[in-house]
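Residue-level structure breakdown
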Amino acid sequence: MGVTAVLMLPLLLLGISGLLFIYQEVSRLWSKSVVQNKVVVITDAISGLGKECARVFHTGGARLVLCGKNWERLEILYDALISVADPSKTFTPKLVLLDLSDISCVQDVAKEVLDCYGCVDILINNASMKIKGPAHKISLELDKKIMDANYFGPITLTKALLPDMISRRTGQIVLVNNIQGKLGIPFRTAYAASKHAALGFFDCLRAEVEEYDVVVSTMSPTFIRSYHMDPGPGNWEASIWKFFFRKLTYRVHPVDVAEEVMRTVRRKKQEVFLANPIPKAAVYIRTFFPEFFFAVVACGVKEKLSVPEEG
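Right, let's walk through the structure included here. (Residues numbered from 1 in each chain as written. Predicted model: local features only at pLDDT ≥ 70, side-chain atom pairs only at ≥ 80, totals over all residues. Heavy atoms only, no water.)

1. Side note on the nonpolar core
Across soluble globular proteins, nonpolar side chains show a tendency to be buried alongside one another. Membership of the largest hydrophobic core comes to 31 residues, with the highest contact counts inside it found for F202 and L205. Listing elements by their share of this core, those giving two or more residues are β1 (39-42), β2 (63-68), α4 (106-117), α5 (140-168), β5 (171-176), α6 (189-209) and β6 (214-219). The element contributing the most residues to this core is α5, with seven residues. With sequence-adjacent residues up to four places away left out, L205 is seen in contact with T158, L162, I173 and V216. The next biggest cluster of nonpolar side chains, apart from the first, holds 29 residues, and it includes V56, L66, I124 and V252. (Core = buried A, V, L, I, M, F, W, Y, C linked by side-chain atoms within 4.5 Å. Buried < 20%, exposed > 50% of the residue type's maximum accessible area, 1.4 Å probe, protein only. Helix = DSSP H or I, 4+ residues; strand = E, 2+ residues; numbered from the N terminus. Contact = heavy atoms within 4.5 Å.)

Okay, structure coming up:
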């Protein structure tokens, strides 16, 4: 009996591995069929996440509209996509110059896209502007610029494309937000405020457009790291708040987020929280034990301000 069990274990593991492989392949093929021939608009396509989303959706056969505020970088992305994809199974991406912090040009861009393709099936709001510093040292003009890029820009583009989705009774809007749409981290007041505002808008919009079969999905990853950024060891002494913040600001790879965006589109998920257990726990602590959460955050700020900066 014991010998039989030992012999069966490798076969069982092999069978499980085979089933997992089949599931992944079926999911991959299903993802492609879901976005094939769909018009997909990606904002800030020249960012790390934007590039990976472009790659995933282009491979899936989507009709891509790649938006960015640097034409040269858009062309580099264009060349990279068409050089590796099968031209018989993919479509040539359309490039659009768009700076979401310039609200005046958003309506024209939406009209250009609709005139070109006649509709938009999936809108991925990915553009984001970051700022870090004490609130009293950040100018009001910069606060407004952050709100334009992270809030007013995405909602202006969404409002411009939404009537078409409602009239056709189909479509999906994906907001790639941040964990700071759920809780605030010190020295990021403007950024956190814009992310809270964006999440609130799209949460409300989800309920408004459900009857028209338009899906609104929000994704809240932790910070997305660049391709070449490796977390350094730093000078982290042993303390609760430093461990907390190191985990809270843990950066996820853009490839992982892009694949989750595809799964979100395929499964029509309404909300996705892409983070390790520590940030997830922080959100629950903020909700159910706010005084403890505030105390930990305040302790961390006091400790940080008491340490003289180098240089």
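2. Considerations on unusual backbone geometry
Of note in this structure, R169 is not a glycine but carries a positive phi near 55 degrees. By secondary structure assignment, the location of R169 is in the loop between α5 and β5. Residue classification places R169 among the partly exposed residues on the basis of a relative accessible area of 44%. The backbone phi angle of D213 is positive, close to 65 degrees, even though this residue is not glycine. Note on placement: D213 falls in the loop between α6 and β6. A relative accessible area of 49% places D213 in the partly exposed class.

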